[in-house]
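Okay, here's what each chain looks like letter by letter:
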Amino acid sequence: MRNHSRFSEWVDERTGLVSFLGRTSEEPVRGGAGLRHVFGSALAGAFLIQLVTGLLLMTSYVPSSSHAWGSVWYIDNQMALGWVIRGLHHFGSSAVVVLLAMHLVQTILLAAYRSPREFNWWLGLVMMFAALGLALTGYLLPWDQKGYWATRVATNIAGTTPVIGPLAQRVLVGGIEYGNQTLTRLYGLHVGVFPMVLVLGLLGHWALARRHGLSGRGRPGKDDTYSPAQAFYNLLAIALVLGILLTIVLVNGGAGLEAPADPSGTDYPARPEWYFLALYQLLNEFDSDTEIIGTMVIPGAIVTLLFLLPVLDRLFPRRLVHFGACAMIFVVLGGAGALMTKALLADRGDAAFVLARLEADRHRERADALAEAAGLPPEGAGYLMARDPLSRGMDLLEANCLSCHAYAGEGRVQVQVAQPTADQLLLVDPARLSGVAADLPDAVLRRVAFAVPKEFDPRSAEREETTPGSTLYRVEGINAQGERVVAETSLGDDHVVVSTHSVQSASDLKGFGTRAWLRGLLEDPSSPRYFGLVPQCGGMASWKESSKLTPGQLDEVADFFDEHVIPATPGLSAAAWELQFAEAEEPPPGYQHFINECADCHLWGLGGADSTGVDSPNVYGWGSPTWIRRMIEEPGARDLYGYLADHEQMPGFEGQLTEADLGVIIRLLRGEYLPADRSSGPSAEGTPAVIEGLEASRAD
């Protein structure tokens, strides 16, 4: 003990720290210690949590538009306790906002803005806006869909500021394009400017609080010292905040991460965090001509009144100003709560938003699965989805192919949401659906009748119990183009989801270029999955009628293609390739079957439209990436389907698709992708090969 005392004296003699802490612990707490004094300390504790977790995140985070998402994914999934650290940091910002609001209300109720605490009040407001700035700039840092689009909304709002708006937006964005400059500038604000303002503000706030003492009404005649009584309450409050945050993190499994930012997409349902949702909804209350009222006038007036409160308190009767301040803060918080509730209810009842949210969730899960299976592309996380056949490939098929072809039995599906008004429903004639849906509720009939096309032939109607007390009504029919139309709604909904399914007129592309697809073609070429809907390609059906090949021999043909034709070596001539079988003592059985039954029409070299009278494409390299690429770009080539009339040919896409997009489509058709459900799709044995294909595609 004596050594400790000597050490303390030695430290105090040189720094004065021990004496300073002693004086601080003995400072009086007028009115006695209590929970009413803990809000400032709890807020400081939340700031400390943010500071510590932020520093830990900085050890792995990469402030680059190419690698930010990947570094955050690494923190969540690979770094030891990274998901806990990021979760504390993420939800800690919400804790800061809540404690700020509580501390602000307490300060106004106690009139702690009055003399001599004016500067403390102003410092508190500066810290409050710095904390909100931290929350706002933290959005973008993961460079995911949510952060990217929410930041676009925020910077666009900043751009509406009179006079300086466009300049401020350009400075924040780093030009006119959102990209690396945007990320690094907001990162600098997040880890440099705003924390510095907060730290300096906290030091000044604490120093002024010590000078003027703690405000508040306590027990008359009751005074305590800061330590141990009030220190205990403060530590208890900080521990409670930390405990609540840890519970939220554990329940939610971390902070969550959306799919990588996709600047080219416009269908992401962007919404800010809950504490900015009221401002977002306030903006929606005004049209484009008056939106400045919601973005600048109302928020600006509230901020101005808060800063002028100490001045107004000296110019006007104190009781009147205090009553007005209390009324204003409760109106602001109540209005914010009402706007937030309105926004949440509007989204819940907006089918278009719900559908977009489901699609965003699907992309998020897909991005996470891809990153886990094969890691991140060295070029950046943006290529994760852009090179995924199941994501980008399906988008390309939807845009270019599925108006004629199908994929897994489904063609192009266009989804629309109809939300008729009460007046519009009164003008609808539900009798047009009475043939199949007469027993449906009138409200459902009217909504569906409004949503479906005018020329709609109803074919069936059904109801399905989705959850206890909730019934989904589904009406199916055909439109004027012969497309299948499905309308779905529930009794309590105010909207109808209408999906239009294109009419299949060409083969199903799922598995095209694989042994399974070829084996199915050999078994039943007249199936709608193959050439049953393409009468100009009926040669295979005619062959099937006269074919003498047994199922086992058809298997041997498919095996031969799988082992020797599909893996054809690029650059090797058909003649050179065929010599290895034609001159072999025992050629593969499948080769011999092909020569006996198929070679009369199909050739390995030039086949069809080459003055031979053969009306079939050549099959050398059939199913290989090179063959499929040619089929996509120039299906009318003389050695493919050039023998068909121009109006019977598939349109070519030469020059319309990038090399990367062509590769994505080819891998989608051949099934070379990570299945959406690991329990389905490619087998577990084939998954390593799929992953190798993913990694190889990144080297292209």
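It should be emphasised that the depicted structure is a prediction, and the values quoted were computed from it without experimental measurement.

Each value, and the rule that gives it
Residues numbered from 1 in each chain as written. Predicted model: local features only at pLDDT ≥ 70, side-chain atom pairs only at ≥ 80, totals over all residues. Heavy atoms only, no water. Helix = DSSP H or I, 4+ residues; strand = E, 2+ residues; numbered from the N terminus. Lys, Arg positive; Asp, Glu negative; His and termini not counted. Charge placed at Lys NZ, Arg CZ, Asp CG, Glu CD. Buried < 20%, exposed > 50% of the residue type's maximum accessible area, 1.4 Å probe, protein only. Arc of directions from axis to C-beta. Contact = heavy atoms within 4.5 Å. Core = buried A, V, L, I, M, F, W, Y, C linked by side-chain atoms within 4.5 Å. Phe/Tyr/Trp six-rings, centres within 6.5 Å; stacked < 30°, edge-to-face > 60°. Polar contact = N/O pair within 3.5 Å; in protein donor to acceptor, adjacent residues only side chain to side chain. Salt bridge = Lys/Arg side-chain N within 4 Å of Asp/Glu carboxyl O.

To continue, consider the overall build of the protein. Of the regular secondary structure elements, the protein holds 27 helices and seven strands. Along the three orthogonal principal directions, the C-alpha set of the protein runs to about 110 × 75 × 50 Å. Side-chain charges of the protein comprise 52 positive and 77 negative groups, with the mean position of each set lying 17 Å from the other.

This paragraph deals with helix H23 (residues 574-582). Listing the buried residues of H23 in full gives Ala-574, Trp-577, Glu-578 and Phe-581. Relative to the axis of H23, the buried residues are bounded by an arc of 90° and lie together on one face. On the buried face of H23, the contacting elements are helix H22 (551-565) and helix H24 (589-597).

Core analysis: the largest hydrophobic core is formed by 53 residues, its most contacted members being Leu-397, Phe-560, Phe-561, Trp-604, Trp-622 and Ile-632. Those elements that place two or more of their residues in this core are helix H16 (389-400), helix H20 (515-523), helix H21 (539-546), H22, H23, H24, helix H25 (625-633) and helix H26 (659-669). If near-sequence neighbours (up to four positions away) are discounted, Trp-622 is found in contact with Phe-512, Gly-513, Thr-514, Trp-517, Leu-518, Phe-561, Val-565, Ile-566 and Trp-627. Ranked by size, the runner-up nonpolar core spans 38 residues in total, among them Val-96, Leu-104, Ala-325 and Met-328.

This paragraph deals with the packing of aromatic side chains. The geometry of an aromatic ring pair is captured by the separation of the ring centres together with the interplanar angle, meaning the angle of the planes. Applying the stated criterion across every chain yields a total of 28 aromatic pairs. Between the aromatic rings of Phe-512 and Trp-627, the centroid separation amounts to 6.4 Å while the plane-to-plane angle is 40°, which identifies the pairing as tilted. Of this pair, Phe-512 sits in the loop between strand S7 (496-501) and H20 while Trp-627 sits in helix H25; the two residues are 115 residues apart in sequence, bridging distant segments of the chain. Across the pair, Trp-627 and Phe-512 agree in class, each one buried. Arranged with centres 5.0 Å apart and planes meeting at 80°, the rings of Trp-517 and Tyr-530 form a pair that is edge-to-face. You can see Trp-517 sitting in helix H20 and its partner Tyr-530 sitting in the loop between H20 and H21, a full 13 residues away along the chain.

Looking at where Asp-508 falls in the secondary structure, it is placed in the loop between S7 and H20. A distance of 3.0 Å separates the side chain of Asp-508 from the backbone nitrogen of Lys-510, its partner in a polar contact.

Two side chains of opposite charge can pair, provided their charged atoms sit close to one another. On inspection of all chains with the given rule, the structure shows 31 salt bridges. In this structure, Asp-559 and Arg-515 form a salt bridge, with 2.7 Å as the shortest nitrogen-oxygen distance. Placement of the pair is Asp-559 in helix H22 and Arg-515 in helix H20, with a sequence separation of 44 residues. On the basis of relative accessible area, Asp-559 is assigned to the partly exposed category, the value being 30%. Several salt bridges converge on common partners, so that one network encompasses Glu-258, Arg-357, Asp-361, Arg-364 and Glu-365.

In this section: unusual backbone geometry. Here the amide bond leading from Ser-115 into Pro-116 is cis, since omega sits at 10°, within 30 degrees of zero. If you trace the backbone, Pro-116 turns up in the loop between helix H5 (82-109) and helix H6 (118-138). One non-glycine residue with positive phi stands out, namely Trp-143, at about 55°. If you trace the backbone, Trp-143 turns up in the loop between H6 and helix H7 (145-158).

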